Amino acid sequence: MIYNMWYGVLDSKEVKKNKPLFAKRLNKNLVFWRDENNNICCIEDKCCHRGASLSHGKVCGNNIACPFHGFQFNKNGKVVMIPANGKNTQVDERFFVESYEVRELYGLIWLWYGDKDKINDKIMFPDDLKDKKFSYSTIRDEWHNHYTRCIENQLDVVHVAFVHYNTIGKGNKTLVNGPLVELNEDTNTLKFYVNNVIDNGQKALSASEMKKEDFKYFLYFYFPNIWQNYIFEKMRVFAAFAPVYDENTVVYIRFYQKVVNIPIIKNIVNFIGKKFSAYVLKQDKDVVKTQSSKESYLGMKEEKLIPGDMPIIAYRSHRDKLKKLNNK
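This text gives an overview of the structure that appears in the document. (Residues numbered from 1 in each chain as written. Predicted model: local features only at pLDDT ≥ 70, side-chain atom pairs only at ≥ 80, totals over all residues. Heavy atoms only, no water.)

## Quick look at the overall build of the chain
Alright, step 1. On a plain count of helices and strands, the chain comes out with four helices and 17 strands.
Alright, step 2. Each principal axis of the C-alpha distribution contributes one length, and for the chain these read about 80 × 50 × 35 Å.
Alright, step 3. For the chain, contacts bridging at least 24 residues in sequence account for 60% of all contacts bridging at least 6.
Alright, step 4. About 16,800 Å² of surface is accessible on the chain, with carbon and sulfur atoms providing 52% of the total.
Alright, step 5. Positive and negative charge centroids in the chain, built from 50 and 38 side chains respectively, lie 4 Å apart. (Helix = DSSP H or I, 4+ residues; strand = E, 2+ residues; numbered from the N terminus. Contact = heavy atoms within 4.5 Å. Areas by Shrake-Rupley, 256 points an atom, 1.4 Å probe, with all protein chains shown as cover. Lys, Arg positive; Asp, Glu negative; His and termini not counted. Charge placed at Lys NZ, Arg CZ, Asp CG, Glu CD.)

Here's what the structure looks like:
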C-alpha cells in the first residue's frame, strides 16, 4: 500500500448506530462504531487484556466494551474503565490498543494509512460528484485479488470489446487509438482519454498523432484507490477499491445520475443503473479472478505491455513513485 494517504474503506451505511462493525482493511483487523454524536471511531479489533474481539462487544456511550471482561475503550484506543477494578479506579496507561484516524465524507468512511503526525485533509473524491443533485445506488463486491489488479482492470481500455462484447463494448471496436494519459502530480490524479474503433486494416494512432477532441470519452483515477468513469455530464460510474489484505479487495461501485430527480422515477433509474453496473462488474470479475491474485507493479517481467496499456503503465509508474516517496 502507499503510505500516508487516505483510503476509502467502507460505505457509510455499513456502520450502524449502537452496533460495532468488524472490517479487515489494509491488512489490519479493525472495529468501527459510532459515538453518541454519530461520529465514526476505529481501533484495533483485539482487546489488550486477553485478546478477545472487540467487534463482538457493545457500544457504551462513546466507547466500545469488550465482550469478555467489559474493558471499555475510547476512540483513541485507551482503556478508560476496567469493571473488575471498579468504575472509579484510574486505568494504567499501558492498557491501550492502536487507534486509527477516520473521516466520514461523501457517503464513505475514509481511513488514514500512515504516520499520525502527517495526517492531512487531502481526501481524494471527485469534485463534480459532490453536487447534491446527483443521486446514486451502490454495489458492494468482494474480489480475491490484490487491489492493484482490481484498479488496473478499470484502467484497461484494451479489454472492453472482448470482456464486455455484449454490454459497454458492443460494436467490435478492437483497435485502440492512443490512449492519452494526463497525470496531475499535485493532486495525484490520472485522466485518460479513450478512442477505440473498428479495425478496418488501418494503423492504430499514437496519442501524439491525435488531438484531444478526437477522443470519445475519458476516465479518472484518484490515488490511492478512487476511480470515476465520466459517461456524460449527468451520469457517472464511481468506484472505491478498499484493500482488505494482500490478495483480497472489497469493490464499491456507485451509479451516479442527475438526469431524473423525481423521487419514485429516480429510484427506478438508479436501480436499473445498479443492475446494469453489477452485470458489467461481474464480466470484469470473471476475467480478473483468472489473473494472479498478487500485487502488480512497475517492470513485471511476466507481463509484456502494449501501447494501449498506457493508463496501466502510468498508474504503476506513479504508484511506484508515491510508494518510494511516502513509504520512508
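Now that the structure has been shown, the text picks up again.
## Looking at the state of the cysteines
Alright, step 1. Summed over all chains, the structure comprises zero disulfides.
Alright, step 2. No disulfide involves Cys60; its sulfur sits 11 Å from the nearest other cysteine sulfur, which is in Cys66.
Alright, step 3. Of all cysteine sulfurs in the structure, the one in Cys47 sits closest to Cys66, which takes part in no disulfide; the separation is 3.9 Å.
Alright, step 4. You can call Cys66 buried: its relative accessible area is 4%. (Disulfide = S-S within 2.5 Å. Buried < 20%, exposed > 50% of the residue type's maximum accessible area, 1.4 Å probe, protein only.)

## Description of the packing of aromatic side chains
Centre-to-centre distance and the angle between the planes together describe a pair of aromatic rings.
Alright, step 1. Under the definition given, this model contains 18 aromatic pairs.
Alright, step 2. Ring geometry for Tyr3 and Tyr113: centres 5.3 Å apart, planes at 85 degrees, overall edge-to-face. Of this pair, Tyr3 sits in the segment before β1 (5-11) while Tyr113 is found in strand β10 (residues 108-113), placing the two residues 110 residues apart along the sequence.
Alright, step 3. The exposure class of Tyr3 is partly exposed, given its relative accessible area of 25%.
Alright, step 4. One aromatic cluster is present, built from ring pairs that chain together Tyr106, Phe125, Phe134, Tyr136, Phe238 and Tyr256.
Alright, step 5. Sitting over the face of the ring of Phe218, Lys191 holds its NZ or CZ atom 4.4 Å from the ring centroid. (Phe/Tyr/Trp six-rings, centres within 6.5 Å; stacked < 30°, edge-to-face > 60°. Lys NZ or Arg CZ within 6 Å of the ring centre and 35° of its normal.)

## What to know about the side chain of Asn195
Alright, step 1. As for its placement among the helices and strands, Asn195 is situated in strand β13 (residues 189-197).
Alright, step 2. Look at Asn195 and you get buried, because its relative accessible area is 4%.
Alright, step 3. A polar atom in the side chain of Asn195 sits 2.6 Å from the backbone oxygen of Asp214.
Alright, step 4. Not counting residues up to four positions away in its chain, the partners in contact with Asn195 are Leu175, Val176, Asn177, Met210, Asp214, Phe215 and Lys216. (Polar contact = N/O pair within 3.5 Å; in protein donor to acceptor, adjacent residues only side chain to side chain.)

## Considerations on helix α4 (residues 310-326)
Alright, step 1. Taking 1.5 Å per residue as the helical rise, α4 with its 17 residues ought to reach 24 Å, and the 24 Å between its terminal C-alpha atoms agrees with that figure.
Alright, step 2. Of all the positions in α4, only Pro311, Ile312, Ala314, Tyr315, Arg316, His318, Arg319, Leu322 and Asn326 are classed as buried.
Alright, step 3. Those residues of α4 hidden inside the fold are in contact with β1, α1 (147-155), β12 (175-184), β13 and β14 (217-222). (Expected span 1.5 Å × (residues − 1).)

## As for a nonpolar patch on the surface
Alright, step 1. Among the surface-exposed residues, Ile264, Ile268, Phe271 and Ile272 lie close enough to one another that they form a single nonpolar patch of about 440 Å² accessible area.
Alright, step 2. When you line up the elements, Ile264 lands in helix α3 (residues 263-288). (Patch = residues over 30% accessible without salt bridge, like charges linked within 9 Å, V, L, I, M, F, W, Y side chains within 5 Å. Salt bridge = Lys/Arg side-chain N within 4 Å of Asp/Glu carboxyl O.)

## A closer look at the environment of Ser317
Alright, step 1. Structurally, the position occupied by Ser317 is in helix α4.
Alright, step 2. Through-space distance from the C-alpha of Ser317 to that of Val157 is 17 Å; in sequence the pair is 160 residues apart.

## Re the packing of α1 against α4
Alright, step 1. Between α1 and α4, whose axes approach to 9 Å, the crossing angle comes to 140 degrees. Between α1 and α4 lies a crossing of right-handed hand. Only Pro311, Ile312, Tyr315, Arg316 and Arg319 of α4 make contact with α1, whose side of the interface consists of Tyr147, Thr148, Arg149, Ile151, Glu152 and Leu155. (Axes fitted to C-alpha atoms, helices over the stretch in contact; angles between N-to-C directions. Left-handed = near helix turned anticlockwise from the far one by under 90°.)

## Structural notes on the nonpolar core
Alright, step 1. With 69 residues, the main nonpolar core has Tyr7, Phe32, Leu111 and Trp227 as its most contacted residues.
Alright, step 2. Here this core gets seven residues from one element, more than from any other, and that element is strand β16 (residues 235-245). (Core = buried A, V, L, I, M, F, W, Y, C linked by side-chain atoms within 4.5 Å.)

## So, the sheet that holds strand β4 (residues 40-44)
Alright, step 1. Taken in spatial order, the three strands make up an open sheet running β2-β3-β4, and their pairing is antiparallel. The sheet is open, and its two borders are formed by β2 (21-25) and β4, each paired with just one other strand. Strand-to-strand, the axes of this sheet are offset by a mean angle of 35 degrees, without reference to chain direction.
Alright, step 2. Sheet topology places β2 next to strand β3 (residues 28-34); five bridges connect them, and they run antiparallel. By the bridge assignment for β3, Lys24 is matched with Asn29. (Pairing = 2+ DSSP bridges.)

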